[in-house]
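Letter by letter, the chains look like this.
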Amino acid sequence: MKRLKRKFLPAFKGLKLALQDRSIRIQLGFALCALAAAAFFRFEREEWVLTVLMIGLVITAETFNTAVERLCDRVCPQQDPLIGKVKDLAAAAVLLASLTALVGGAVLVIGHLF
């Protein structure tokens, strides 16, 4: 059991670090809004699963983005065009995940409105 705990300890440390990041806390705020909407519209089980998966996609992308940004800042603290492109790509991943979740959420909500 101790070996298992040691395997997961870095992941829990990472979660703690992630929760300290402003961008991730903002995404968690949006996640709470999405969960409130799901409750308000009385989503079916499958809709809840999709909602949770979309939230997980966005939070995961934001966590990777944060990790990439911190690594880039550590490796190259000065301005560098290549590092800038890497950071832009990581931010684009968050944007794509967020837009995917937004469209998916809109489809689910619109289905309840009409």
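In what follows, the accompanying structure is described. (Residues numbered from 1 in each chain as written. Predicted model: local features only at pLDDT ≥ 70, side-chain atom pairs only at ≥ 80, totals over all residues. Heavy atoms only, no water.)

To continue, consider the environment of Thr-60. Structurally, the position occupied by Thr-60 is in helix H3 (residues 45-75). Look at Thr-60 and you get partly exposed, because its relative accessible area is 42%. For the pair Thr-60 and Val-49, spaced eleven residues apart in the sequence, the C-alpha separation amounts to 16 Å. (Helix = DSSP H or I, 4+ residues; strand = E, 2+ residues; numbered from the N terminus. Buried < 20%, exposed > 50% of the residue type's maximum accessible area, 1.4 Å probe, protein only.)

Side chains bearing opposite charge may pair, as long as their charged atoms lie close to each other. Scanning all chains against the criterion turns up one salt bridge. Between Asp-73 and Lys-87 there is a salt bridge; the shortest N-O distance is 2.5 Å. With a gap of 14 residues between them, Asp-73 in helix H3 and Lys-87 in helix H4 (residues 81-113) connect regions that are remote in the sequence. Taking the relative accessible area as the measure of exposure, Asp-73 reaches 40% and is therefore partly exposed. (Salt bridge = Lys/Arg side-chain N within 4 Å of Asp/Glu carboxyl O.)

By size, the foremost hydrophobic cluster in this structure holds nine residues: Ala-38, Phe-43, Met-54, Val-58, Ala-61, Val-94, Ala-97, Ala-101 and Leu-108. Broken down by element, the residue count for this core peaks at four residues, all from H4. (Core = buried A, V, L, I, M, F, W, Y, C linked by side-chain atoms within 4.5 Å.)

A few words now on the side chain of Gln-27. Topologically, Gln-27 is positioned in helix H2 (residues 22-40). When its relative accessible area of 14% is taken as the criterion, Gln-27 is described as buried. Setting aside its immediate chain neighbours within four residues, Gln-27 contacts Val-58, Ile-59, Glu-62, Val-94 and Ser-98. (Contact = heavy atoms within 4.5 Å.)

Bringing the layout of surface pockets into the picture now. Of the volumes computed, that of the largest pocket is approximately 430 Å³. Phe-30, Ala-34, Ile-55, Ala-101 and Leu-102 are, among the 20 residues lining the largest pocket, the residues nearest its centre. Those elements giving two or more residues to the lining of the largest pocket turn out to be H2, H3 and H4. (1 Å grid on protein atoms, 1.4 Å probe; cavity = no way out; pocket = protein on both sides within 12 Å on 5 of 7 lines; lining within 4 Å. Points joined across faces, edges and corners; volume = space filled by probe spheres on them.)

With that settled, consider H3. Compared with an ideal rise of 1.5 Å per residue, which puts 31 residues at 45 Å, H3 spans 45 Å between its outermost C-alpha atoms and is within 8% of the ideal. For H3, the full list of buried residues reads Glu-47, Thr-51, Met-54, Ile-55, Val-58, Ile-59, Ala-61, Glu-62, Asn-65, Thr-66 and Cys-72. Lining the buried residues of H3 we find H2 and H4. (Expected span 1.5 Å × (residues − 1).)

Below, the discussion takes up the packing of H2 against H3. Packed helices, taken two at a time, are described by their axes: the angle between them and the distance between them. At a closest axis distance of 10 Å, the pairing of H2 and H3 adopts a crossing angle of 175°. Here H2 lies roughly antiparallel to H3, going by the angle between them. Residues Ser-23, Ile-24, Gln-27, Leu-28, Ala-31, Ala-34, Leu-35, Ala-38 and Ala-39 of H2 form the contact with H3, whose own contacting residues are Trp-48, Thr-51, Ile-55, Val-58, Ile-59, Glu-62, Thr-63 and Thr-66. Classifying every residue of the contact of H2 with H3 gives eleven nonpolar, five polar and one charged. (Axes fitted to C-alpha atoms, helices over the stretch in contact; angles between N-to-C directions. Parallel < 35°, antiparallel > 145°, perpendicular 65-115°, else oblique. Nonpolar A, V, L, I, M, F, W, Y, C, P; charged D, E, K, R; others polar.)

Given two aromatic rings, one states the distance between the centres and the angle between the planes to describe the pair. Within this structure, the stated rule accounts for two aromatic pairs. A ring pair is formed by Phe-40 and Phe-41, whose centres lie 5.0 Å apart and whose planes are at 90°; its orientation type is edge-to-face. Between Phe-43 and Trp-48 the ring centres are 6.4 Å apart and the planes differ by 70°, which places this aromatic pair in the edge-to-face class. The exposure class assigned to Phe-43 is buried, which follows from its relative accessible area of 9%. (Phe/Tyr/Trp six-rings, centres within 6.5 Å; stacked < 30°, edge-to-face > 60°.)

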